[in-house]
Amino acid sequence: SVLAMKLFLEKIPKEVIAITGDDELPTSLSFLPGLKEIVRMDFLQALETYKPDLFISTDSSDLNRVTMKQKIAVPLSIRTVVIDHHDNTNFGDINLVNTNFSSVAEMVYELQEIWNSQLIDEDISKCIYTGIWSDSYGLVSKKVTPRTLEIVAKLIEHKVDCFSITRNLISLNFKLIRLLGKSFTECTKYFKNKVLITKIAYQDFEALDVRGGDISD
C-alpha cells in the first residue's frame, strides 16, 4: 500500500519519500516496482532529514506501529493522515479508518479511483494486488467481499500477473524451510489442541543466517 500511494502521488505530481520504518523490507517483495526507492530510515530520522509537509501512515493502528525507538508525543508535530483497517487510536489529523475492509491496499485503491482512476497503471495495480492478497491471507479472509474481487478483476485488466505475484509471496528459500522445521520441533499444543505455540532462539536465526527482511507476517 505504501508503494501504491507513492507511485500514485508522484503522478500528480508530488515529491514523495517512502521509508521502511523500524523494520527491514521483506525479500519476498523484491519483485515490486519501486521497492529499491524506499529509504531505509525510521520515522524520527525521516522527520529530521526531509522535514516533510505531510505524513501518511498506512496499516498502523497506533504510534507504536509507526516506531518503537522513541515515544512520540500526540498530537504529532507534522500534519498526519492515517489510513487503516484495524481498530485505531486515530492519531492523525485525518483518520481514514474502516475495519470492514480486507486490507489497506483495498482502501488505497478506492481512494485512488475517487481521485483519478486514469492514473492507476500496471505498476500501481501490482502493488495494490500484492497488498490485498497478503493482508487477506490469499483472498480467503472473512472481510473479502464481492467488491474486493471486483477490484482484483480491475487490477487484472491492468495486466497484473496474479500467478507470478502469488508464487513470489508464498515461495520459501532453503533458509526459511530450515527455520520452519526448527519451529515445528519446538512447538507445543494448547487449548485442547486448537493452538500451536513455538519459540525460536535468536541464536537459531544467526546460525541459519535468517534476517528480519527474510521473514514476513
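Just above sits the structure.
Residues numbered from 1 in each chain as written. Predicted model: local features only at pLDDT ≥ 70, side-chain atom pairs only at ≥ 80, totals over all residues. Heavy atoms only, no water.

Draft legend 1. Structural view of the packing of helix α4 (residues 104-116) against helix α5 (residues 122-135). Two elements in contact, α4 and α5, have axes separated by 7 Å at closest approach and are oriented at 145°. Across the interface between the two elements, Val104, Ala105, Glu106, Tyr109 and Gln112 of α4 pack against Ile124, Ile128, Gly131, Ile132 and Asp135 of α5. When the residues that make up the contact of α4 with α5 are grouped by side-chain class, the tally is six nonpolar, two polar and two charged. (Axes fitted to C-alpha atoms, helices over the stretch in contact; angles between N-to-C directions. Helix = DSSP H or I, 4+ residues; strand = E, 2+ residues; numbered from the N terminus. Contact = heavy atoms within 4.5 Å. Nonpolar A, V, L, I, M, F, W, Y, C, P; charged D, E, K, R; others polar.)

Draft legend 2. Main features of the environment of Gly21. Summarising the element assignment, Gly21 is placed in the loop between α1 (2-10) and α2 (43-50). For the pair Gly21 and Ala46, spaced 25 residues apart in sequence, the C-alpha separation works out to 8.9 Å. Filtering out sequence-adjacent residues up to four positions away, Gly21 remains in contact with Met41 and Asp42.

Draft legend 3. Representation of a nonpolar patch on the surface within the structure. Residues Leu172, Phe174, Ile177, Leu180 and Phe184 make up a contiguous nonpolar surface patch of roughly 530 Å² in combined accessible area. Here Leu180 lies in helix α8 (residues 174-185). (Patch = residues over 30% accessible without salt bridge, like charges linked within 9 Å, V, L, I, M, F, W, Y side chains within 5 Å. Areas by Shrake-Rupley, 256 points an atom, 1.4 Å probe, with all protein chains shown as cover. Salt bridge = Lys/Arg side-chain N within 4 Å of Asp/Glu carboxyl O.)

Draft legend 4. Molecular detail of the nonpolar core. Core analysis: the largest hydrophobic core is formed by 36 residues, its most contacted members being Ile83, Ile124, Ile128, Tyr129, Ile132 and Leu155. Discounting residues that sit within four places of it in the chain, Leu155 has contacts with Tyr109, Ser125, Ile128, Tyr129, Ile132 and Val160. Grouped together as the second largest cluster of nonpolar side chains are nine residues, Phe55, Ile72, Val82 and Phe91 included. (Core = buried A, V, L, I, M, F, W, Y, C linked by side-chain atoms within 4.5 Å. Buried < 20%, exposed > 50% of the residue type's maximum accessible area, 1.4 Å probe, protein only.)

Draft legend 5. Expanded view of the side chain of Ser102. Its location among the elements puts Ser102 in the loop between β3 (94-97) and α4. Engagement of the side chain of Ser102 in a polar contact is seen with the side chain of Glu106, the distance being 2.6 Å. In this structure, Ser102 is in contact with His85, Ile132, Asp135, Ser136, Lys143, Val144 and Thr148, ignoring residues within four places of it in sequence. (Polar contact = N/O pair within 3.5 Å; in protein donor to acceptor, adjacent residues only side chain to side chain.)

Draft legend 6. Quick look at the pattern of salt bridges. One pass over the structure, following the stated rule, counts 12 salt bridges. Across the pair Asp121 and Lys11 runs a salt bridge, and its minimum N-O distance is 2.8 Å. Taken together, the residues span a long stretch of sequence, with Asp121 in the loop between α4 and α5 and Lys11 in the loop between α1 and α2 at a distance of 110 residues. For Lys11, a relative accessible area of 36% gives the class partly exposed. Through salt bridges with shared partners, a single ionic network connects Glu110, Glu113, Arg147, Glu150 and Lys154.

Draft legend 7. Summary view of α8. Over its 12 residues, α8 extends 17 Å from the first C-alpha to the last, a length consistent with the 16 Å expected when each residue adds 1.5 Å. Where α8 is concerned, the buried positions are Leu176, Leu179 and Ser183. When α8 is viewed along its axis, its buried side chains cluster within an angular range of 60° and face the same direction. Within α8, the exposed residues directed more than 90 degrees away from the buried face are Phe174, Phe184 and Thr185. (Expected span 1.5 Å × (residues − 1). Arc of directions from axis to C-beta.)

Draft legend 8. Just the packing of α1 against α5, in detail. For the pair α1 and α5, interaxial distance at closest approach is 8 Å and the crossing angle is 160°. Classed by the angle they form, the pair α1 and α5 counts as roughly antiparallel. Crossing of α1 over α5 shows left-handed handedness. Of the residues in α5, those in contact with Leu3, Ala4, Leu7 and Phe8 of α1 are Asp123, Ile124, Cys127 and Ile128. (Parallel < 35°, antiparallel > 145°, perpendicular 65-115°, else oblique. Left-handed = near helix turned anticlockwise from the far one by under 90°.)

Function-wise, these values are silent; they only describe arrangement.
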